[in-house]
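# Structural features, examined
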Amino acid sequence: MRFLVPLVLITSTFSLSSEAAVQPHCQQAIVPVKVTAHPQVISLDAPKDQEELTGLVVSMISQQSNVSQSVHGPTTLTTTYNIWTLLCLPSNSKPNVLEFAVHGINFDHSYWNFGGEGSPYNYVDAAVRNGHAIFLYDRLGVGQSSKPDGIKEVQQDTEIEVAAELIRYIRKGGTKNVFRTIIGIGHSFGSLQLAGIATRYPDLLNATVLTGFTPYTGGLNTASAAFGLTIAAQVDRTRFGALSNSYLATGTISNDQAPFLLYPFFDSGVLRLASQTKQTATIGEFLTLGASPATNYTNPVLVVAGDKDFIFCGGDCYQSFAGFDNLVEAAQILFPSTSRFNFSIPANTGHAINLHHAAKDVYKTIQSWISELN
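By the naming in an unreviewed UniProt entry, the chain goes by AB hydrolase-1 domain-containing protein and is assigned to Gymnopilus dilepis.

Take a look at the structure:
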């Protein structure tokens, strides 16, 4: 089943703030998260300089790439990380539904409340207006959360375990609230982590919304080149200067536009704010990302990707794939046992859906889908 999202142009009538302020119904917390994960053993050291990093990136995205020879299989890691979290609740009701939101690469939690209160790009406002609680956090290695080794520890497997432990923390009443339903909502790399939870822990979430996501990997190398990956400490010494060279960032504002935003269907102020507040990724993440079929996951799934998503569709989500008419619908191959699968392809929209003019209508689609589950 498909939802269509019409294009609605939204002009910037609000003030974009570089800090998405904590609203009165939101509360911050640092949550110690103990995990046992199985990251890959990667026989690479952090690059000594930008020249070495550029050489590594070229090797990673080359057609004859041999970087996989540096990945030697899993090891066991047991440790505790401090994860920055933000729980937002409706001010006038006690919600039964909580949305568990996982951001992607180049962003932190503020992808979900972009521009602050009153912004048309603020997904938190949409969730709370519909009577839901929403839980945001800075992923491992990002923002105000712990920043361990960016090759050995900050990998997809470790982050899946962090997300799973946070969901268990919520279910056990760690936030001092009780929710009947927890729905995962991810963007991009965050969607990959939720897909990993569906595979590994199929009963942990009551439903899953994956945005900026398809099973297609044919555009990833081109997108990686468009990032202009740079040692993060060289991009912004004030924010990233203390990080090791295993932490990377996009190079310029052009690199923040090309993979993420579809011209001219975004406001220039949005691009500037996204560039000013961009976050890091790690070598370990780039070498371990991927998705496997969640054969035992039976709960509902909604997948949303912009029609011109550059990263997960190579700029054209209407390519046929695996017997399906488009790449977004093809995501159901990863969820063969789901009780309900829906997809939506908003028009004139790139990878960072929440930063486009179509954002408000996408939010309506997601909230409508969630309401039909109850």
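Our next topic: the side chain of Glu-99. Within the secondary structure, Glu-99 sits in strand β6 (residues 97-102). Although Glu-99 lies buried, it forms no salt bridge, and the closest oppositely charged side chain, Arg-129, sits 11 Å away as judged by the N-O distance. Side chain to side chain, Glu-99 and Gln-367 meet in a polar contact 3.0 Å long. Residue contacts for Glu-99: discarding those within four places in its chain leaves Tyr-123, Ala-127, His-132, Ala-133, Ile-134, Phe-135, Ile-183, Ile-185, Gln-367 and Ile-370.

Let's shift gears to the packing of aromatic side chains. Under the criterion given, the structure shown has 15 aromatic pairs. Taken together, the aromatic side chains of Phe-107, Tyr-111, Trp-112, Tyr-123, Phe-227, Phe-260, Phe-286 and Tyr-363 make up a single cluster linked through ring pairs. Taking NZ or CZ as reference, Arg-168 lies 4.5 Å from the ring centre of Tyr-201, over its face.

We now examine the state of the cysteines. All told, the structure shown has 2 disulfides when counted by the stated rule. Each sulfur of the disulfide joining Cys-26 and Cys-88 lies 2.0 Å from the other. Taking the torsion about the S-S bond as the criterion, the Cys-26 to Cys-88 disulfide, at about 110 degrees, is right-handed. Of this pair, Cys-26 sits in strand β2 (residues 26-37) while Cys-88 sits in strand β5 (residues 77-88), and the two are 62 residues apart along the sequence. Residue Cys-26 is classed as buried on the basis of its relative accessible area of 11%. Between the sulfur atoms of Cys-313 and its disulfide mate Cys-317 the distance is 1.9 Å. Residues Cys-313 and Cys-317 are joined through a disulfide that is right-handed, its torsion about the S-S bond being 85 degrees. With respect to class, Cys-313 is no different from Cys-317; both count as buried.

Moving on, we get to the sheet that holds strand β11 (residues 247-249). Taken together, 3 strands build an open sheet; the order of strands is β10-β11-β12 and the sheet is antiparallel. Each edge of the sheet is formed by a strand with only one pairing partner; in this case those strands are β10 (230-231) and β12 (281-282).

It is worth spelling out the environment of Thr-85 at this point. Note that Thr-85 resides in strand β5. Residues Thr-85 and Gln-144 lie 59 residues apart in sequence; the distance between their C-alpha atoms is 9.0 Å. Not counting residues within four places of it along the chain, the set of residues in contact with Thr-85 comprises Gln-27, Gln-28, Ala-29, Val-31, Phe-135, Leu-136, Tyr-137 and Leu-166.

About the thresholds
- Residues numbered from 1 in each chain as written.
- Predicted model: local features only at pLDDT ≥ 70, side-chain atom pairs only at ≥ 80, totals over all residues.
- Heavy atoms only, no water.
- Helix = DSSP H or I, 4+ residues; strand = E, 2+ residues; numbered from the N terminus.
- Buried < 20%, exposed > 50% of the residue type's maximum accessible area, 1.4 Å probe, protein only.
- Lys, Arg positive; Asp, Glu negative; His and termini not counted.
- Salt bridge = Lys/Arg side-chain N within 4 Å of Asp/Glu carboxyl O.
- Polar contact = N/O pair within 3.5 Å; in protein donor to acceptor, adjacent residues only side chain to side chain.
- Contact = heavy atoms within 4.5 Å.
- Phe/Tyr/Trp six-rings, centres within 6.5 Å; stacked < 30°, edge-to-face > 60°.
- Lys NZ or Arg CZ within 6 Å of the ring centre and 35° of its normal.
- Disulfide = S-S within 2.5 Å.
- Pairing = 2+ DSSP bridges.

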